[in-house]
Structures are given as C-alpha cells and as structure tokens.
Amino acid sequence: MKKLFKKPIFFYTVIIFILLSVSGLVLSRVVGNYFILIAVLLTVYIILLILLIHFYDTYIKPLHKATITVDEIVKGNYRARFHHPKDDSVGNLSNKINDLGRSLGKLAMQEQMHSDQLSTIIDNLESGLVLVDAKGYIHFVNRKFIMMFGNTPKAYKGYLYYEVLDSEIIHETVKNTFLYERNVKDSFSHYRGLDRIYIEVVGAPIFNERNMLKGAVIMLYDITEMKKLELMRKDFVANVSHELKTPITSIKGFAETMLDDPANGSEPNQEFLKIIYKESDRIQFLVEDLLILSRLEKENFRLLKTVTDVNNVTDEVKPIVQQKAKEKQIAFHIEIDGAIQLYADKEQLKQVMINLLDNAINYTAEDGRIDLRVNETEEYVSIEVEDTGIGIEHEAIPRIFERFYRVDQARSRNTGGTGLGLAIVKHVVELHEGKIDIISAPNKGTTMKVLLPKNL
Ligand SMILES: Nc1ncnc2c1ncn2[C@@H]1O[C@H](COP(=O)(O)OP(=O)(O)O)[C@@H](O)[C@H]1O
Ligand SMILES: [Mg+2]
C-alpha cells in the first residue's frame, strides 16, 4: 500500500477525489439537490482523471524511462536505449539520449582498444616495468618483470614497493627518483636460480598536469649479456697484462745485462740494445698501468681506507717528482694548508698525485713551473696541480680521461706516458666519491683540481 501511494498518478487521483468530495459536501449544503451535484462532480472527476492519465502517459512515464536509461549509461552500460515512438519533444530527447549512448559506446571501445594496445606493448617490452604511485604502492608490473623476479602480479600489485621488492638498489632508486624528481639510474646483480643476472634500473618520475609528482615508472633492463662481455674483456686485458709481465721483465733484464757487457760495446749493437731496453721499459709501464686499471675495475675491489695525512703522501711523492722536474729545469712548489687529514686509500691517493704531477711535468716545457696545492674545506680536501705547460683545448677536455686518448698522439708517446694515467685518476676519484675540475687553455697552462670528501 505504501508503495502504491508513492506512484504519482495514484497520489493525485486520491487528492482530487478528496478535494471533490469535500467541495461536494460543502456545495450540497448550498444547492440542496444531491443527485445533480454528485453527477456533476463525478463527471468533473472523470474528466480530470482522464487528463491526468494522459499527462502521466505522455510526459511523466517517458521521463521516468529516460532517467532509467541515463542512469544505465552513467553506470557504463552504453548499450542502454530508450525508445519513444512519437515525434514530439520527448521523442527528440530519446533520440539525443540514444545518440549519447552510441557515442559513449564508441569512445569506450576506442579507449579499450588503446589501453589494450598499450598493455600489449608494455607486456611485451624487453625490459621489466613497475608503476609506483606517489605513496609508494605498486600499481602495475609487466610480464618481463615477472620473468625476471618470479611470483605473480598479484604478489606485487597493491603493496608498498619496499615490502615486496628485495633489492636495496631498487629501493634507493625509487627513493631518489621521488627525492630529486628526475631520472635516476643504477645497476645490481641478482640470482635467478643458479644464474646470476645483471640488471640496470632506471627510475623516472611521473608528473600530473599541475607538475606535481604522481608516481614513478621503474624500468629494469637485463644487461647480463653486456656485462658478461665486459667482464670477458676486462678478464682478457687483465690476463694478457699478467702474462706479459714476466717475459717483459726478463727481456728488460737481459737487455740491461747485455748493455753492461763490454762485448756488446760497439755500434750498432749498443744502439739496438738501448732501444730494446727503452721499449721494454715502456711496455712494462703499460703493463703495470693496465694491471692497476684492471684491479680498480674489479667488482670486488675495495679501497683500503685509513685516516691519511696528506703531508705523509706528499712526502713520499716529492722525491720522485722533484727528480723529474729537476731534469727538465721545472720549478716545483708544494703548498699545504696545515695538517690535512682525510679518510682515504693512501696508496691510491699517492697514485693520483703522481699521475697528475707526471702529466704536469710531461706537458710543460723547460723552465716552467708546477704547483701542488692542498687545501681543505669542512667536507672536502682539494688537491690542485697547476702547470705553465701546453694546456688542453676546450673540446678535448672531456675526452682526456678515456683510455689511450691523447690530444697529440706523437707528442704524448714521446713523453713516455702510457695513455692510462688519467683513466686511473678518474677511477680512484670516483671510488672515493670525489670529483675532478679542469681549468686549461692552450699555451697558458693547466690546473687539475681533485676534490675528495674527508669522510672523517
Ligand atoms: N697537464 C696537462 N697539460 C696538457 N695536457 C695534458 C695534461 N694532462 C693530461 N693531458 C692530456 O691528456 C692526455 C691523457 O693523459 P694521460 O691519461 O695521463 O695519458 P698520457 O699522459 O700517458 O698520454 C695526454 O695525452 C695529454 O694530451
Ligand atoms: Mg700521463
């Protein structure tokens, strides 16, 4: 009954009936003729009722149907349609609603197609992909990621990245991507069964249209093949250098002995032996530098860090450099700002200084000047080697740390350098998390400044 009262047509009928009955009662007292009065009121009632039903059928009912159809469309049922046979305003409305449903259906289909295409691409990527929101929850992992790390997508989706991803490096990458709001790159190795796989991880931040951080995409590249080749190359270089070490030492040794033998005192033997001795000396330096580089590049290489007094290092370096500088009549000055200490690998630090000073001497003409300056700030120690030498062209500066790169091939070879000095310097500085600055201009001289964190 309650439900029936909710129907508008029923509600209005009852209201009209009550109104007419009340007015009938009032009028009957005035008119006196009950029969005519009831007949009139009944006719009025029936006419009103017919009008009401007509109004309900023509407007209210179709509008109700239209509302239901729109509701369905809002819910995502784009196939919902509303048919109204007449060509009136409601018919017009029904056409519009049906058009809307059709257009939305088309749009939804296109959207679905795009998203299907996108997920097919993402799923078939050759690299793993993880989507993390700004709170750190994982929203998506692709198929390659599952192949790399196992489990099912359900084991990752909806969880915090640091709870379900094992690698500390991935955690750091995501953290730094959020922190610095820029691309962050790192690499790590991980075991899949017995196989060790190498992975490069790149975190890229995602921003919304107001430039606010929305999350991050984490890409994981399988670089195992590349890493294996690189390891093979490094091993090869290390092995060859190692194998060459003994024969070159004996060639040099024998050349030296033969040079001392008076039986070989005559020309051209003496000349040839001198060349053999000099060249084997060069090969020996090269082999030594290659071995130093190989050792620095080893994955398990660890610096032997101790609290190091820079004065102790310069004391050891000084006699070696002074001798060479004197031969070329180059003035060599050392300036150290008190007792400077830092937490570093002393032997490697010595190597850095020797290599920089060696270059300063090699690339400075006679009567030049070299300055070694050591200063400190609260966090850093700065080691500066300045010369008055030939300088380096601006374009060549970024390349001089490459192995065997020389600005002037012939000239550098004649200096006796191996072409590896600065590559070693760069490695050592990077292992100490320091940096190198170069100020240089052709014919004006060069200043190489190494900044190392004190870490005390
Ligand atoms: N102080 C310097 N002045 C001018 N050129 C330099 C200096 N230091 C390095 N270079 C340039 O950088 C190149 C690479 O240096 P390095 O790696 O030490 O190799 P090498 O000295 O054996 O050639 C040198 O060949 C030279 O061209
Ligand atoms: Mg050098």
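Residues numbered from 1 in each chain as written. Chains lettered and ligands numbered in written order. Predicted model: local features only at pLDDT ≥ 70, side-chain atom pairs only at ≥ 80, totals over all residues. Heavy atoms only, no water.

Chemist: Is there a simple way to think about the site of ligand 1 in this case?
Modeler: In the neighbourhood of ligand 1, 19 residues make up the surrounding shell, with Asn359, Asp387, Ser412, Gly419 and Leu422 lying closest. In this structure, an oxygen atom belonging to ligand 1 sits 2.9 Å away from a side-chain N or O atom of Tyr363. Separating an oxygen atom of ligand 1 from a backbone N or O atom of Gly421 is a distance of 3.4 Å. Calculation on ligand 1 without its partners gives an accessible area of 530 Å², and the protein chains cover 97% of this total. Only helix H13 (421-431) and strand S12 (445-453) provide two or more residues apiece to the shell around ligand 1. (Near = heavy atom within 4 Å. Polar contact = N/O pair within 3.5 Å; in protein donor to acceptor, adjacent residues only side chain to side chain. Areas by Shrake-Rupley, 256 points an atom, 1.4 Å probe, with all protein chains shown as cover. Helix = DSSP H or I, 4+ residues; strand = E, 2+ residues; numbered from the N terminus.)

Chemist: Mind showing me how you'd approach the environment of Asn375 here?
Modeler: Among the secondary structure elements, Asn375 is positioned in strand S9 (residues 369-376). Judged by its relative accessible area of 30%, Asn375 falls in the partly exposed class. With 262 residues separating them in the primary sequence, Asn375 and Met113 have C-alpha atoms 64 Å apart. Not counting residues within four places of it along the chain, the set of residues in contact with Asn375 comprises Asp337, Ile340, Tyr380, Val381 and Ser382. (Buried < 20%, exposed > 50% of the residue type's maximum accessible area, 1.4 Å probe, protein only. Contact = heavy atoms within 4.5 Å.)

Chemist: How should the side chain of Ser241 be read in this particular structure?
Modeler: Mapped onto the elements of the fold, Ser241 is located in helix H8 (residues 224-260). Sequence-distant contacts of Ser241, that is, excluding residues within four places in its chain, are made with Val287, Leu290 and Leu291.

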